[in-house]
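Each chain, letter by letter, is given below.
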Protein chains: 2
Amino acid sequence: MTEQTAPTTAAGEPATARGEQTRQLILDTAMRLFRERGYAQTTMRAIAQEAGVAVGNAYYYFGSKDHLIQEFYARSQVEHRAAAQPVLDRESDFAARLAGVLHAGIDVLTPSHGFAASFFKTAAEPTSPLSPFSAESSAPRQAAIDLFAEVLDGSTAKVDAELRPQLPELLWLAYMGVILYWVYDRSPGQARTRQLIDGAVPLIDRLVGLSRLRVLRPVTRQVLDLIRTLRH
Amino acid sequence: MTEQTAPTTAAGEPATARGEQTRQLILDTAMRLFRERGYAQTTMRAIAQEAGVAVGNAYYYFGSKDHLIQEFYARSQVEHRAAAQPVLDRESDFAARLAGVLHAGIDVLTPSHGFAASFFKTAAEPTSPLSPFSAESSAPRQAAIDLFAEVLDGSTAKVDAELRPQLPELLWLAYMGVILYWVYDRSPGQARTRQLIDGAVPLIDRLVGLSRLRVLRPVTRQVLDLIRTLRH
DNA sequence: CAGCGAATTTGAACGCGTTCAAGAAGGAGT
DNA sequence: ACTCCTTCTTGAACGCGTTCAAATTCGCTG
């Protein structure tokens, strides 16, 4: 969306093969240490030392420690998309597709649960470019919303005509809710989150079906109006 | 809930009048500076200097900079309760009571919107005692839930018998959602948040009314079952 | 191959939140 | 008045994320 705005070399965008290599080295090292020690316990000095570069060099490629996380976002999104593919190929039932995609998302995140919980605070800051709602995250966000559009499009579900165009974004919002719950989930293996998905999906399925019901038309419209009002 | 567990003087609980005075002085200074400069821009050194004490003294009363925020929570909750009183006295309609209480909450928070947005990240961290879901916050949280119980009890609304006992907590959750939106709200005077409240309240009112409808009974039950499952 | 300029790399230095050993203040008992 | 003990207060010191002027590397041009 904003690819054209910055003709100059942006921070973090290496111009040479050497730079690209260093960048990847730092990134891989950081991800490994984050997983091993957690986010807060991993210092920039440690990342630099393990990667065999100077501290300042890491800052040449990543504006801050937090920016390393944005990379984590992007990677996770790509992995999520890949992990969801089999389900999208196999299933045609809306509920099954949705459940599969949600579970795939959690599958991908599970190895990072420890450090995800601690970096979550950074992502939650509204002013931070790391917020999933921020302009800087719009690319991965749109990719995620597109994934839910696929969930819907490839399904046999009958959806209220007015609701349909808004539904992918609503499903993405629900997914954000699942992640929020997951981050707080202390149950072994985050089993509760799995229960949440398995419990919420039939519910969503049912509500989507009911949206075409005469009694609920006004409610559906009211919801959609509100959403439209609140979007910028 | 945990008053009896710690017979020794907990950090931050002054035992003498002198201590209490110093504590209040530091707290007032901190709140003033937070509002004037924002959270991140207010250093502990600045707080100490303005309050005329040593840095370490602030840490004698408040375990960390973040802990100063927990005090802000407690103060806000008390203010919210007070600001909601007139509405609770005046109105008997459920929707009016709910809207009034939600608006009162935002009224109280409005002067702190600037720094609230920046400290929100801290509150969002699951492992932090500052999280609204944490055990340490259970007292203010329960007080807030009780407020929504009052909203319901004092109203003429007819509510599904199964839903009723769960509803106050659900309303509190909705309030958390409103605050989440408010924190991200960049519109002048956070006007959007007001629209959200005015739009969402009739919707909630309607849904609560519909919960007694035969068609929706299964859905209602499904929702409540899910919630019960997910609560610890 | 010498020289140039952009891209990359360095590490000392800064300001921050936080810690802690040491001391000061205050009150109770003798 | 002296002692003892708890409570409170101090400020230097530590490790962290981050900055930046200077040095280095590297591909290219004449």
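A brief look at the structure comes next.

Conventions used here
- Residues numbered from 1 in each chain as written.
- Chains lettered and ligands numbered in written order.
- Predicted model: local features only at pLDDT ≥ 70, side-chain atom pairs only at ≥ 80, totals over all residues.
- Heavy atoms only, no water.
- Near = heavy atom within 4 Å.
- Polar contact = N/O pair within 3.5 Å; in protein donor to acceptor, adjacent residues only side chain to side chain.
- Helix = DSSP H or I, 4+ residues; strand = E, 2+ residues; numbered from the N terminus.
- Core = buried A, V, L, I, M, F, W, Y, C linked by side-chain atoms within 4.5 Å.
- Buried < 20%, exposed > 50% of the residue type's maximum accessible area, 1.4 Å probe, protein only.
- Contact = heavy atoms within 4.5 Å.
- Nonpolar A, V, L, I, M, F, W, Y, C, P; charged D, E, K, R; others polar.
- Buried area = accessible area lost by both parts, 1.4 Å probe.
- Salt bridge = Lys/Arg side-chain N within 4 Å of Asp/Glu carboxyl O.

### Structural notes on the protein's contact with DNA strand D
And then number 1: Taken together, 24 residues are adjacent to DNA strand D, and Arg45, Tyr59 and Lys65 of chain A together with Ala54 and Tyr61 of chain B come closest.
And then number 2: The share of sugar and phosphate among atoms of DNA strand D within 4 Å of the protein is 63%.
And then number 3: The contact in question runs from a phosphate oxygen of DNA strand D to an N or O atom on the backbone of Ala54 of chain B, over 2.8 Å.
And then number 4: In this structure, a phosphate oxygen belonging to DNA strand D sits 3.2 Å away from a side-chain N or O atom of Asn57 of chain B.
And then number 5: Of all elements in the fold, only α2 (44-51) and α3 (55-61) of chain A together with α1 (17-37) and α3 (55-61) of chain B reach the threshold of two or more residues within the surface near DNA strand D.

### Some points on the nonpolar core
And then number 1: If you look at the biggest cluster of nonpolar residues, it comprises 132 residues, and the most contacted ones within it are Phe119 and Phe148 of chain A together with Phe148 of chain B.
And then number 2: In contact with Phe148 of chain B, not counting residues within four places along its chain, are Leu98, Val101, Leu102, Pro168, Leu171, Trp172 and Tyr175 of chain B.

### Looking at the protein's contact with DNA strand C
And then number 1: Surveying the vicinity of DNA strand C reveals 23 residues, the closest of which are Ala54 and Tyr61 of chain A together with Arg45, Tyr59 and Lys65 of chain B.
And then number 2: If you look at DNA strand C and keep only atoms within 4 Å of the protein, 66% of those are sugar or phosphate atoms.
And then number 3: Interatomic distance of 3.0 Å between a side-chain N/O atom of Tyr60 of chain A and a phosphate oxygen of DNA strand C.
And then number 4: Contacts to DNA strand C include Arg45 of chain B, whose side-chain N or O atom sits 2.7 Å from a base nitrogen.
And then number 5: For the surface near DNA strand C, the elements supplying multiple residues, two or more each, are α1 (17-37) and α3 of chain A together with α2 (44-51) and α3 of chain B.
And then number 6: Element by element, the count of residues in the surface near DNA strand C is highest for α3 of chain A, at 4 residues.
And then number 7: Class assignment of the residues belonging to the surface near DNA strand C gives a composition of 9 nonpolar, 10 polar and 4 charged.

### Regarding the interface of chain B and chain A
And then number 1: With 37 residues of chain B at the interface, the matching set in chain A holds 37 residues.
And then number 2: Between chain B and chain A the total buried area reaches about 3200 Å² when both faces are included, carbon and sulfur atoms providing 67% of it.
And then number 3: Taken together, the links from chain B to chain A amount to 0 salt bridges.
And then number 4: Here chain B is connected to chain A by 6 residue pairs in polar contact (both at pLDDT 80 or more).
And then number 5: Taken together, the elements giving at least two residues each to the side of chain B that touches chain A come down to α6 (113-124), α8 (167-184), α9 (191-210) and α10 (217-230) of chain B.
And then number 6: At 10 residues, the largest contribution of residues to the side of chain B that touches chain A is made by α9 of chain B.

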